[in-house]
Amino acid sequence: MNQLVFLIPVALFLGGVGLVAFLWCLKNGQFDDPQGAAERILQDD
Amino acid sequence: MCGACGTAVEDVALNREKTSGATQEFEFSVPSMSCGSCVAKIESAMAQLPGVESARANLTLKRLLVYATDDITDHAIIERLKSLSFDAFRIDDEAKADTEHQAKARSLLRAMAVAGFGSANIMLLSVSAWSGADGATRDLFHLVSALIAVPVVLFSGQPFFRSALSGLSVGRINMDFPISLAVILALLMSIFQTMTGQPEAYFDAAVMLLFFLLIGRYLDQLMRTRARNAVVSLSQYATKQAIVVGQNGDTSTIEADQIETGMVLRLHAGSRVPADSTIISGSTDIDRSMVTGEAEPVSARSGDSLEAGTLNLTGSVDVRVDKPVNQSFLAEVTRMLNAAEQGKSQYIRIADRAARIYTPAVHTLAGAAFISWMMYTGGDWQVSLLVAISVLIITCPCALGLAVPVAHVVSASQLFRHGLLMRDGAALEKLANVTRAVFDKTGTVTMGIKTVDAMPHLSAAHHNAIATLASHSSHPSSMAICNHLKPFAAVELEAIKELPGHGIEAIYQGKRLFIGRGADESTTIMVDDAVLGTVSFTEQLRPGARNCLNTLRQAGISTQLLSGDSSVAVERIANRLGISDFHFGQTPKDKMSHVSAAGDGEAGNTLMVGDGINDAPCLAAADVSIAPSSAADVGRQASDFVMARDSLDVVPWAIVMAKRTDRIVRQNFALAIIYNCIAVPLAFLGYASPLFAAIAMSLSSIVVIANSLRLMHTSAPANAVKENKVGPVGGNLQEGAVA
């Protein structure tokens, strides 16, 4: 029971980090061109 | 690896030094961009163009965004892309209309992310509760769930709450009402149960419901219609000002709205005709392409009448105004287009039709569940409300909400991959029901390029002289003759003169050469008034045109050819394509009557394939329409699909795709209904635990998505045509029509 006091906030925090990261990516246009991004990895510049 | 571009690619320097002058933003659609090296090739070419500050290609959307100074025009960029063999067209106006939709899609995606976060975390706690946590632990889990669920529902539920409220404010109950009701009731009920320490809570169901529905809503938003604005761009053909010739010969400039019947106007070469009028003096060539669709100029002299919006190409003429501006040909086309577009928006999409039946059914069921449980338990409102909520949650249209959008998104991406851009989601539904296809001739089944069919025999000296003379004119006939006579050695010509409406002449070794209109109106070659012979022309068919029409006929779709061209030219093309039902000399109004006459019958839909301004009202009036990318802006904006590639093969293939999509959508609905038939009685009888609701809901959604993904496995249009020769594609089409 006691460990839950830590584990639940930890789980929520990690999930929250994922959510914030996703929203940040969305705002920065990271999802605008998934196909192009996949191809650009192969360019040598 | 990639057909559209070569192989090796050098390093790209994207950002150049900023030059003076304001930065402009150009956006282009580049449909043939298909791999990583295309991207690199385009971007490096753009970076080397003077005036370009930066360029970014988007491979997913097949678009190119260029930031440039004033020194460079969009035309120069398109030319550069063409030299790399990428066809491009500018999409700024459409893209601007698009931003509002993108903002909406983005906010839905945000809501979806939050709902996803919430449902994952609540599910984690719920699974613990289901697997045996009890007492204080379970109450703690429920409390944490409540703390997550309340803000998540308040944020992610907004699209549904707003839509339900706006529906209520006009006195209608839409599909979002039962959704909002179920989510809010489930949330309140669960909070109450958490407070009183009861064993079950519905937080997971409420939040997961939102999550699945938001997926469907987001995909649906991707497919929503863009605002059509064909009418606005038609106004660019209307002239703002005109030159009036007074009675004593003096001229003055007036605004177009001051033009009155009977006025005499002077039209200089290169200006558009402001109102329907008759030539009283002078002769010229007129570009009537917006009336007939034919690119070839027509000669006009005293006594000929001109339509508003046509272009005066070569000579200066005086005209008398016959009709007021607001009754002109152009105004009529604009009105027809307006009316046609309004008529089109009356179509009710299949998802909306389903919602009309569905919404009252859900409310009745939930209400009946509440009342019967109240009677059965003798007034235990808690249990009764719980059952009513579970009926609401279980019947909530997760699978139904996903049934149409997922199938349409998958299908649209397939169409897009093969060069057909979809502008309207409803078009896919209407395309599946096509029983009649109407084609325009010039620019649609033909490429609009003339080629020489028969040519008189020429001596070597005449060969070179005639070819050189023809090379001096940009008239389509001259260009065709010049191309036909290649290779030739250029010779010295004197006194080259282009005669408006007649032809071109020059002096060669003391003799007068002439190419142009002869005594019988046909194109004639003359040397010193002696006729060497006449030239006849033919048009180049668009690739895939014959296959396209054969496939359509085999599928039982009737075909028709409409053209503003003369009877001989239309008949020749119709015979080559095997079309027996053809009409020539058609005005936009005539074409409209053909298209809408067919639209009145309930039997099936009419597909219009056309490109010109004269086709625009038809494209808007037809149930479904396809325009080649070479079409006039007005034509492209008035149509549902735009063909990014030249070949017409994609037309029958798109119909097959639409039929398959239609079938998948129907299957999805069937799956959703079967699910309801099983789940609703269980919920009604009170056997639906939160666990059961969660599993059933996810399962039905996943089955519907998986079924829609089957559309990914589709053969390419070129294969479809090859197979067609032995018959299976035609067979598929008919099979689809039955199913």
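Here, every reference points to the structure presented above.
Residues numbered from 1 in each chain as written. Chains lettered and ligands numbered in written order. Predicted model: local features only at pLDDT ≥ 70, side-chain atom pairs only at ≥ 80, totals over all residues.

(A) Focus on the overall build of chain A. Summing up its helical and strand segments, chain A has 2 helices and 0 strands in all. Projected onto its principal axes, the C-alpha coordinates of chain A cover approximately 55 × 20 × 15 Å. In chain A, which comprises 45 residues, the share counted as buried stands at 4%. (Helix = DSSP H or I, 4+ residues; strand = E, 2+ residues; numbered from the N terminus. Buried ≥ 20, exposed ≤ 12 C-beta atoms within 10 Å, placed from the backbone.)

(B) How the structure looks around the sheet that holds strand E2 (residues 52–58) of chain B. Residues and elements named next belong to chain B. Judged by pairing direction, the sheet is antiparallel, and its 4 strands sit side by side in the order E2-E3-E1-E4 without closing on themselves. Two strands bound the open sheet, and with one partner strand each, they are E2 and strand E4 (89–90). Bridge analysis of E2 against strand E3 (residues 63–68) gives 6 bridges, and the strand direction is antiparallel. Of the residues in E3, the one forming a bridge with Ala57 is Leu64. The strands that helix H1 (residues 36–48) touches are E2 and E3; relative to E2, the one it contacts most, it runs at about 165°. (Pairing = 2+ DSSP bridges. Contact = placed C-beta atoms within 7 Å. Axes fitted to C-alpha atoms, helices over the stretch in contact; angles between N-to-C directions.)

(C) Broad picture of the environment of Ser630 of chain B. Residues and elements named next belong to chain B. Checked against the element boundaries, Ser630 lands in the loop between strand E25 (624–628) and helix H22 (633–638). Overall, Ser630 belongs to the partly exposed group, with 17 C-beta atoms counted inside 10 Å. C-alpha separation for the pair Ser630 and Arg645, spaced 15 residues apart in sequence, amounts to 9.3 Å. When sequence neighbours within four positions are dropped, the list of residues in contact with Ser630 reads Gly443 and Asp611.

(D) Fine view of the sheet that holds strand E24 (residues 605–609) of chain B. Residues and elements named next belong to chain B. The strand order across the open sheet formed by 7 strands is E14-E26-E25-E24-E15-E22-E23, and the pairing between neighbours is mixed. Among the strands making up the open sheet, the edge pair consists of strand E14 (420–422) and strand E23 (582–583). Across 3 bridges, the pairing between E25 and strand E26 (residues 641–643) is parallel. Counted as the bridge partner of Ala627 is Val642 from E26.

(E) Expanded view of unusual backbone geometry. All names here are of chain B. At Ala495, a residue that is not glycine, the phi angle is positive and equals roughly 50°. With respect to the helices and strands, Ala495 occurs in strand E17 (residues 494–499). On the basis of neighbour counts, which here come to 9 C-beta atoms within 10 Å, the residue Ala495 falls in the exposed class. Although it is not a glycine, Gln509 sits at a positive phi angle of roughly 50°. You can see Gln509 is positioned in the loop between strand E18 (503–508) and strand E19 (511–517). The exposure class assigned to Gln509 is exposed, which follows from the 11 C-beta atoms found within 10 Å.

(F) Just the nonpolar core, in detail. All names here are of chain B. One finds Leu431, Leu607, Ala622 and Ala654 to be the most contacted residues of the largest nonpolar core, which totals 83 residues. Once residues within four sequence positions are removed from consideration, Ala622 is found in contact with Val438, Val595, Thr606, Leu607 and Met608. Among the nonpolar cores identified, the runner-up in size contains 82 residues, and Val153, Tyr202, Leu210 and Met697 belong to it. (Core = buried A, V, L, I, M, F, W, Y, C linked by C-beta atoms within 7 Å.)

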